[in-house]
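Spelled out, the chains give:
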Amino acid sequence: MRILFIDIDTLRPDHMGCYGYQRDTTPCMDQVCAEGIRFDQYYCSDAPCLPSRASLVSGMFGIRNGAVGHGGTAADRRLTGPKRDFTDIVDENCFHNIFRRAGMHTASVSTFAERHSSWWFNAGFNECYNVGGRGGESGEAVLPVALDWLRRNKDRDNWFLHVHLWDPHTPYRAPESFGNPFADEPLDTWIDGETLRRHVKAAGPHTIQDLGMYTGDQDPRFPRQPGSAVDQEGLKRVFDGYDCGIRYADSLVGQIFDLLREQGVYDDTAIIITSDHGENMGELGIYCEHGTADQPTCHIPFILKWPGAKAGLVDRELHYSLDLLPTMAELLGVDPWENWDGQSYAGTVTDGTPQGRDSLVLSQMAHVCQRSARFGDWLYVRTYHDGYHLFDREMLFNLKEDPYEQHDVKDQHPEVCAQGAKIILDWHDQQMMKSQYPIDPMLTVLQEGGPYHTWVDLDQYLRRLDATGRKEGADALRKKYRRG
C-alpha cells in the first residue's frame, strides 16, 4: 500500500474550495476531496505548530507529552524517565512508526524538526529530507525533493511519504513569479468598515496595525506580507497574501498528484491532506497568526482518500488530529498502544459509521495560555494569560450564529459557561490522573514568564501603542500588567 501525507502548514478549512470558500484556492485538493472523505469538525488539540505536531505524533495531549509551547521547558517533550528502555516507548509507538510496523518504507520531506529542535518528529522515518530553510522556505524548494523521491521509488509497493509545505504560514512567501490569481477579484469578507475601524484601534500583538507581531514594519524579503493594514486595500493585501500561499501550495501538490497518475498508482494511493493549525484572519481582532485556542486557530482541514472508502462522504463528527494515530493503526492492522489519548474512527473510513466525540478541549500555550471547550454549537474559552490582548477570563461564542467570534455571549448564557468549564475541568482531572508528572505544563509556562511570544520588551510596545493612536489600549495594558 502507498500512503501520501500532505501536510500544509497554517491551512484554514474555510479558505478551501471544498469547504465552501468562494475563491478558487484549492482546485487540486478539491478533486482529491471529491474522491474521498471530508471531515468538517476536525481540530488540533494543542496549538500552534510545535504542540500540534507533538500531540499528533505522540498520540497524547500536550498536558501529558509536555510540549505545549515554543520556548522554555514546555517546548520540549517530556522524558519518559526511569522506565525508559533501550529505545523510548513513545517513539516506538509514535504516528510515523505505525507505518513502519505495517511493513512500509517511510520518508519525510520537512524542515519542522530543525525549526523547533523537535527531533522526536523524525522517529519512525527511514529517510528524512531537510531542505535547510528551517520553515522559512517556499514550496519550490520542497517539491523537487518530493518528486525525485517518487520517481526513484516508482516500483516500490509499500511506502508512506510525508510532504510538508509552509507557504500559507506567515510571512506569506509564495514566489513573486507566481503572481496573484486574486488581484482582480474583489474581497468578499465579513470584515466591514466599522469592524475594520474597531480593529485598527485594537491593542495586542498581530492586530491589524501590528502584523509583525509587535511591529508594523514590513520585511522587504516578503512583499506579500504587509506590516500593517488600516483600510480595505490593506485588508485585501492581507487576504490575498494568505490565499496566494494556499493556491501556490495547491499547485505544488497538484504536481505530485499528476506524477502519481503518470506512474499509474494514483487510484490505489491513499492520500491524507491536513494541517497543523489554522490562522486568525480578523477573529478576536487578530490577523496573520495562530495565537489562540479557538475556532480559526484550532479548526483544521482533514481529507482522506482511502482505497475502498466511499467517495464524497462528509463526516460532521468532532475529532482531534491525534485521533488519526489509532485510526491508522486499526486500518493497517497494527496493535494499539494503551497510552494513546486518541479515539479511532476507522469505522467512518470503512463503512461511514459516525465515530466522533461529544466535546473537545483545545489548548494554546505559545502566544496565550488558554483552554477551550468545543461542544454543540458552542466554544467556551478560558484564559490564564491573555498574551497582551486584554481578553476576559471567560468568553463564550455561538459558532453557528457567530462563526467569526464577534459576539461574546457569556453574560446571556451562564449555564453554558458552566457546562464548558466543567468539560475542561473533567478533562483536566482525567489527564492529570493518567500523567506520570504532577505538574500541568501550562503552570510551567506561567511560572517561566508566560507564553514564549510574550517574552518581549512590553514597555517598548506600549510606547508604540501610544504613538499609533491606541493610548486607551496601552493604558489598559499598563494597568493590568502594572507598568508605570
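The written sequence of each chain sets the order in which its residues are numbered from 1. Residue-level local features of this predicted model are given only where pLDDT is at least 70; pairs of side-chain atoms are given and counted only at 80 or more, and the full residue set underlies all totals for whole chains, interfaces and linings. As a rule here, side-chain values cover all heavy atoms of the structure and leave hydrogens and water aside.

### Focus on the environment of Gln343
Turning to step 1, where the next piece is worked out: By definition, any uninterrupted DSSP run of H or I lasting at least four residues is a helix, any uninterrupted run of E lasting at least two residues is a strand, and each is numbered from the N terminus. Mapping Gln343 onto the fold places it in the loop between α11 (324–332) and α12 (346–351).
Turning to step 2, where the next piece is worked out: A sequence separation of 39 residues divides Gln343 from Arg382, and the C-alpha atoms of the two residues are 25 Å apart.
Turning to step 3, where the next piece is worked out: Only heavy atoms matter for contacts: two residues are in contact if any of them lie within 4.5 Å across the pair. If we ignore the near neighbours within four places in the chain, the residues touching Gln343 are Asp323, Pro326, Thr327, Gln355, Gly356 and Arg357.
Turning to step 4, where the next piece is worked out: Among the polar contacts made by the side chain of Gln343, one reaches the main-chain carbonyl oxygen of Gln355 at a distance of 3.3 Å. Any pair of nitrogen or oxygen atoms within 3.5 Å is treated as a polar contact; in protein, a donor-acceptor pairing is required on top of that, and neighbouring residues in sequence qualify only through side-chain atoms on both sides.

### Looking at the packing of helix α15 (residues 458–467) against helix α16 (residues 471–480)
Turning to step 1, where the next piece is worked out: Their axes nearest at 7 Å, the elements α15 and α16 cross at an angle of 155 degrees. Classified by the angle their axes make, α15 and α16 are roughly antiparallel. Of the residues in α16, those touching α15 at Leu462, Arg463, Leu465 and Asp466 are Lys471, Ala474, Leu477 and Arg478.
Turning to step 2, where the next piece is worked out: In the contact of α15 with α16, the residues fall into 4 nonpolar, no polar and 4 charged. Only C-alpha atoms enter the line fits that serve as axes; for helices the fit covers just the stretch in contact. Angles between N-to-C directions range over 0 to 180 degrees. For classification purposes, an angle smaller than 35 degrees is called roughly parallel, one larger than 145 roughly antiparallel, one from 65 to 115 roughly perpendicular, and anything else oblique. In this classification, the charged set is Asp, Glu, Lys and Arg, the nonpolar set is Ala, Val, Leu, Ile, Met, Phe, Trp, Tyr, Cys and Pro, and all remaining amino acids, among them Gly, are polar.

### Focus on the sheet that holds strand β10 (residues 299–305)
Paired through backbone hydrogen bonds, the strands of a sheet run either parallel or antiparallel to each other.
Turning to step 1, where the next piece is worked out: Strands are labelled as partners when DSSP assigns at least two bridges between them. Ordered by their spatial adjacency, 8 strands build an open sheet running β5-β4-β6-β1-β7-β10-β2-β11, and the pairing between neighbours is mixed. The sheet terminates laterally at β5 (127–129) and β11 (313–320), the two strands that pair on one side only. Between one strand and the next, the sheet's axes are offset by a mean angle of 15 degrees, whatever the strand orientation.
Turning to step 2, where the next piece is worked out: Packed onto the sheet, helix α9 (residues 232–262) meets β1 (2–8), β6 (159–165) and β7 (269–274) and runs at close to 170 degrees relative to β1.
Turning to step 3, where the next piece is worked out: Each of β1, β2 (37–43), β7, β10 and β11 touches α11; the most contacted strand, β1, lies at about 170 degrees to it.

### Some details on the pairing of strand β13 (residues 369–375)
For a regular strand, side chains alternate in direction, first toward one face of the sheet and then toward the other.
Turning to step 1, where the next piece is worked out: Exposure categories follow from relative accessible area, calculated using a 1.4 Å probe and restricted to protein chains: below 20% of the type maximum is buried, above 50% is exposed, and the middle band is partly exposed. Judged by how many residues are buried, β13 sits mostly within the fold: 7 of 7 residues are covered.
Turning to step 2, where the next piece is worked out: Both faces of β13 are covered, namely the face carrying Cys369, Arg371, Ala373 and Phe375 and the face carrying Gln370, Ser372 and Arg374.
Turning to step 3, where the next piece is worked out: Between strand β12 (residues 359–364) and β13, which pair antiparallel in sequence order, lie 4 residues.
Turning to step 4, where the next piece is worked out: Relative to strand β14 (residues 378–385), β13 is paired through 7 bridges, and the arrangement is antiparallel. Bridge assignment links Phe375 to a residue of β14, and that residue is Trp378.
Turning to step 5, where the next piece is worked out: If you look at the hairpin formed by β13 and β14, you'll find 2 residues sitting between the two strands, and Gly376 has a positive phi there, around 55 degrees.

### Topic: the pattern of salt bridges
One side chain can pair with another of opposite charge once the charged atoms of both are near each other.
Turning to step 1, where the next piece is worked out: By definition, a salt bridge exists where a carboxyl oxygen of Asp or Glu is found within 4 Å of a side-chain nitrogen of Lys or Arg. This model, assessed by the stated rule, comprises 34 salt bridges.
Turning to step 2, where the next piece is worked out: Across the pair Asp157 and Arg2 runs a salt bridge, and its minimum N-O distance is 3.4 Å. With Asp157 in the loop between α7 (143–152) and β6 and Arg2 in strand β1, this pair connects stretches of sequence that are 155 residues apart.
Turning to step 3, where the next piece is worked out: For Asp210, the salt bridge goes to Arg464, with nearest N and O atoms at 2.6 Å. With Asp210 in the loop between α8 (193–200) and α9 and Arg464 in helix α15, the pair connects residues that are 254 residues apart, well separated along the chain.
Turning to step 4, where the next piece is worked out: Overall, Asp210 belongs to the buried group, its relative accessible area being 0%.
Turning to step 5, where the next piece is worked out: Three or more residues are tied together by salt bridges with common partners; here these are Arg23, Glu185, Lys236, Asp240 and Asp243.

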